[in-house]
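Structure at a glance
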Amino acid sequence: MNEYIPILVLGAVAVAFALVSVVIAAVVGPKRYNRAKLDAYECGIEPTAQPMGAGRYPVKFYLTAMLFIIFDIEIVFLYPWAVHFDALGLFGLLAMGMFIVSASVAYAYEWRRGGLSWD
């Protein structure tokens, strides 16, 4: 049981920090509210009075998200592979080759759908 005491202490410190931060923010924070502060923030787009699901998002939002995910995941996997390239041998080369092919298919789809033209 003595081995778990540091973990419990760290958990208690984290919970105490979170609670103290919320209480201090409520006590010290500004109390003046206006219409602009109470409005929902929608990435710079003025909010409209449409019911949920009535408006359609342009496909450009999803293509941009796909582009980020493709390059983000590719970089996250390429760095460790490049560092340990010698130790992985042929198996690592084949596995990374399959990954590059699958990422290239997604990249080609993104390019074809027009996600790389930022007009």
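Residues numbered from 1 in each chain as written. Predicted model: local features only at pLDDT ≥ 70, side-chain atom pairs only at ≥ 80, totals over all residues. Heavy atoms only, no water.

Let's talk about the UniProt feature "transmembrane region" (unreviewed entry) in the protein chain
For clarity, the threshold we go by: UniProt positions are given in the numbering used here, feature names are shortened, and annotations may be inferred rather than shown by experiment. Every helix listed is a DSSP run of H or I at least four residues long, and every strand listed is a run of E at least two residues long, numbered separately from the N terminus.
Residues annotated in UniProt with the feature "transmembrane region" (unreviewed entry) correspond here to residues 6-28, 61-82 and 88-109. In residues 6-28, helix accounts for 100% and strand for 0%; the two terminal C-alpha atoms are 32 Å from one another. Summarising residues 61-82: 100% helix, 0% strand, and an end-to-end C-alpha distance of 32 Å.

Some points on the environment of F77
How we decide: When a residue's accessible area, from a 1.4 Å probe over protein chains only, is under 20% of the maximum for its type it is buried; when over 50% it is exposed; and in between it is partly exposed. Working rule for contacts: check all heavy atoms of both residues, and any pair within 4.5 Å makes them a contact.
Within the secondary structure layout, F77 lies in helix α3 (residues 59-83). By relative accessible area, F77 is classed as partly exposed at 44%. Once the C-alpha coordinates of F77 and F99 are considered, the two residues, 22 residues apart in sequence, prove to be 9.0 Å apart. Among all residues touching F77, those that are not within four sequence positions of it are M96 and F99.

Describing α3
The following threshold applies: Expected span, for any helix, means 1.5 Å times one less than how many residues it has.
Taking 1.5 Å as the rise per residue, α3 with 25 residues should run 36 Å; its terminal C-alpha atoms sit 37 Å apart, in good agreement. Among the residues of α3, those classed as buried are L63, L67, I70 and E74.

Some thoughts on helix α4 (residues 85-112)
How we decide: Two axes enter the definition of the bend at a residue: one is fitted to the seven residues ending there, the other to the seven starting there, and the bend is the angle between them.
The first and last C-alpha atoms of α4 sit only 32 Å apart over 28 residues, clearly below the 40 Å expected at 1.5 Å per residue. Remark: the principal bend of α4, roughly 75°, maps to F91. Along α4, the residues that are buried comprise G92, M96, F99, A103 and E110. Buried residues belonging to α4 abut α3. Phi for G114, located one or two positions after α4, is positive at around 90°.

So, the confidence of the model for the protein chain
In plain terms, the rule: One number per residue, pLDDT, summarises how confident the predictor is, and it ranges from 0 to 100.
Looking at the protein chain, pLDDT values average 82 and 83% of them are 70 or higher. Averaged pLDDT values over the elements of the protein chain bottom out at 74 in helix α2 (residues 35-38) and peak at 95 in helix α1 (residues 5-28).

Notes on a nonpolar patch on the surface
What counts is decided by this rule: A patch is a set of surface residues, each over 30% in relative accessible area and not in a salt bridge, joined within 9 Å for like charges and within 5 Å for the nonpolar side chains Val, Leu, Ile, Met, Phe, Trp and Tyr. The protein chains shown are the only cover counted for residues, whose accessible areas, like all others here, come from Shrake-Rupley with a 1.4 Å probe. We define a salt bridge as a contact between a side-chain nitrogen of Lys or Arg and a carboxyl oxygen of Asp or Glu at a distance within 4 Å.
Side chains of V20, V23, I24, V27 and V28 sit close together on the surface and give an oily, nonpolar patch of about 480 Å² of accessible area. Mapping V28 onto the fold places it in helix α1. When its relative accessible area of 66% is taken as the criterion, V28 is described as exposed.

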